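Reading the structure
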Amino acid sequence: MKHFSILPNLKNNCGMFSVKQLQAGLNTEFLGREVKYLEKTFSTNVDAWECFQTQKPEGTLIIADHQDKGRGRRQSKWYSSEGKSLTFSFMLQSKIALEKLGILPLLTGVSIVKGIYNMSNILLGLKWPNDIMVSRKKMGGILIESRTVKQEHSVVVGIGLNINESEDDIQDELQGQATSLHIESGEEFSRELILSSILNEFEKLYLNFWYDIIPLWLEYCIHENDKITFHSNNKIHQGTFRGITETGHAKIQINGKTETFSAGMVTL
Ligand code: BTN
């Protein structure tokens, strides 16, 4: 008797990224309906900003196999491995209310955790504001940029994820701090299936579930009520992470008093 598996083929196809396979996995209305694949680019965030000039539709996705100048948060560089990482950006042209912008990184983080769980059964964690964590090491990051023109907020969401990297692919200075799905599980994954699952989750949350983001984010947060070090405005605080406000700001208890911060970095 033949046994047919209903599980998707998670194996990495070890080749160029296939836009066809990605789009076959999408059930979105607007996200990823137009895709620009680049073997090599400077930064997909820069490319996504150019899409506004050429009037591409909302949700246009730029994906690259290699970035020469991948940008991270706080002026850092983002390193990725050709054919192994996922590095992509998409544009949201929408009239996102300003107060929602602080929630967008959290929504993005939740969609990554859910999207990867659907495809791998691996439950990742989140570190405020937008680090994707596994085994207390970073496996992904989110860089959201916004510009306001005539009271409309244009946004680029850029995401970098370590998927099929082995230990040797991790930069020397990041050894011990960064990891990949492959390092954690020993398995290889289809980047196309992982990406389609993330985009499906993102669009669902973005269109319908803004009000569920904070409890969902806290469910995946790996440091709620933990003692942490907090870097903000060139100051370093020791405190306890007490959750997030309804606008996505961090609540940190420092010397018995809870303060809120819109930006900063948590060290575990
Ligand atoms: C971080 O520092 O944690 C954020 C990293 C974001 C990296 C991604 S990779 C795709 C997109 N293009 C960039 O230049 N940066 C983002």
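Here, every reference points to the structure presented above.
So, here's what we can say about the structure. As the structure is a computational prediction, the values presented were derived from the model and not from experiment.

Rules and cut-offs
- Residues numbered from 1 in each chain as written.
- Predicted model: local features only at pLDDT ≥ 70, side-chain atom pairs only at ≥ 80, totals over all residues.
- Heavy atoms only, no water.
- 1 Å grid on protein atoms, 1.4 Å probe; cavity = no way out; pocket = protein on both sides within 12 Å on 5 of 7 lines; lining within 4 Å.
- Points joined across faces, edges and corners; volume = space filled by probe spheres on them.
- Helix = DSSP H or I, 4+ residues; strand = E, 2+ residues; numbered from the N terminus.
- Phe/Tyr/Trp six-rings, centres within 6.5 Å; stacked < 30°, edge-to-face > 60°.
- Buried < 20%, exposed > 50% of the residue type's maximum accessible area, 1.4 Å probe, protein only.
- Polar contact = N/O pair within 3.5 Å; in protein donor to acceptor, adjacent residues only side chain to side chain.
- Contact = heavy atoms within 4.5 Å.
- Axes fitted to C-alpha atoms, helices over the stretch in contact; angles between N-to-C directions.
- Parallel < 35°, antiparallel > 145°, perpendicular 65-115°, else oblique.
- Left-handed = near helix turned anticlockwise from the far one by under 90°.
- Nonpolar A, V, L, I, M, F, W, Y, C, P; charged D, E, K, R; others polar.
- Pairing = 2+ DSSP bridges.
- Near = heavy atom within 4 Å.
- Areas by Shrake-Rupley, 256 points an atom, 1.4 Å probe, with all protein chains shown as cover.
- Sits in = over half its atoms within 2 Å of the grid points.

**Let's talk about the layout of surface pockets**
- Each pocket or cavity is described by its volume, and for the largest pocket that value is around 950 Å³.
- Around the largest pocket, the lining is made up of 44 residues, and of these Ser-76, Trp-78, Asp-131, Lys-138 and Leu-174 lie nearest the centre.
- Those elements that place two or more of their residues in the lining of the largest pocket are α2 (44-53), β3 (85-92), β5 (131-134), β6 (137-149), β7 (152-162) and β12 (265-267).
- Counting residues per element, the lining of the largest pocket draws most heavily on β6, which supplies 5 residues.
- For the second largest pocket, the calculated volume is near 470 Å³.
- If you trace the second largest pocket, you find 18 residues lining it, with Arg-73, Pro-105, Pro-129, Ser-262 and Ala-263 closest to the centre.
- Put simply, the parts of the chain that give the lining of the second largest pocket at least two residues each are α4 (104-120) and β6.

**Quick notes on the packing of aromatic side chains**
- Using the criterion set out here, one finds 8 aromatic pairs in the structure.
- Ring plane angle 45° and centroid distance 6.0 Å describe the contact between Trp-128 and Phe-230, whose orientation is recorded as tilted. Residue Trp-128 is located in the loop between β4 (125-127) and β5, and its partner Phe-230 is located in strand β8 (residues 227-232); the two are separated by 102 residues in the primary sequence.
- Residue classification places Phe-230 among the buried residues on the basis of a relative accessible area of 0%.
- Aromatic pair Phe-202 and Tyr-206: ring centres 5.6 Å apart, planes at 20°, arrangement stacked. Here the residue Phe-202 and the residue Tyr-206 both occupy positions in helix α6 (residues 191-208), the gap between them amounting to 4 residues, near one helical turn.

**A closer look at the side chain of Ser-180**
- Within the secondary structure, Ser-180 sits in the loop between β7 and α5 (181-185).
- Residue classification places Ser-180 among the buried residues on the basis of a relative accessible area of 0%.
- In this structure the side chain of Ser-180 is engaged in a polar contact, spanning 2.7 Å, whose partner is the backbone oxygen of Glu-165.
- The residues contacting Ser-180, other than those within four sequence positions of it, are Met-139, Asn-162, Ile-163 and Glu-165.

**Observations concerning the packing of α4 against helix α7 (residues 213-220)**
- Close contact between α4 and α7 brings their axes to 9 Å; oriented N to C, the two are set at 55°. On the basis of the axis angle, α4 is oblique to α7. Like other packed secondary-structure pairs, α4 and α7 cross with a definite hand, here left-handed. Only Ile-213, Ile-214, Leu-216, Trp-217 and Tyr-220 of α7 make contact with α4, whose side of the interface consists of Leu-106, Leu-107, Val-110, Val-113 and Lys-114.
- Taken together, the residues of the contact of α4 with α7 sort by class into 9 nonpolar, no polar and 1 charged.

**A closer look at the sheet that holds β8**
- Strand order in the open sheet formed by 5 strands is β11-β10-β9-β8-β12, with antiparallel pairing between adjacent strands. Both outer strands of the open sheet, β11 (257-261) and β12, are each paired with one neighbouring strand and no more. Strand after strand, the sheet turns through a mean of 45° between neighbouring axes, direction not considered.
- Pairing between β8 and strand β9 (residues 235-244): 6 bridges, direction antiparallel. Along β9, the bridge assignment pairs His-231 with Ile-236.

**Structural notes on unusual backbone geometry**
- Backbone torsion omega between Trp-128 and Pro-129 reads -5°, so that peptide bond is classified as cis.
- Its place among the elements puts Pro-129 in the loop between β4 and β5.
- Of note, the phi angle at Asn-233 is positive, near 50°, even though the residue is not glycine.
- Inspection of the secondary structure assignment puts Asn-233 in the loop between β8 and β9.

**Details of the site of the ligand**
- If you check the shell around the ligand, you find 21 residues, and the closest are Ser-43, Gln-67, Arg-71, Arg-73 and Lys-138.
- Between the ligand and Lys-138, the relevant distance is 2.6 Å, taken from an oxygen atom to a side-chain nitrogen or oxygen of the residue.
- With the chains in place, 99% of the 420 Å² that the ligand exposes on its own is no longer accessible.
- Among the detected pockets, the ligand sits in the largest pocket.
- Residue assignment for the shell around the ligand shows that the elements contributing at least two residues are α2, β3, β6 and β7.
- Among the residues making up the shell around the ligand, the classes are represented as 5 nonpolar, 12 polar and 4 charged.

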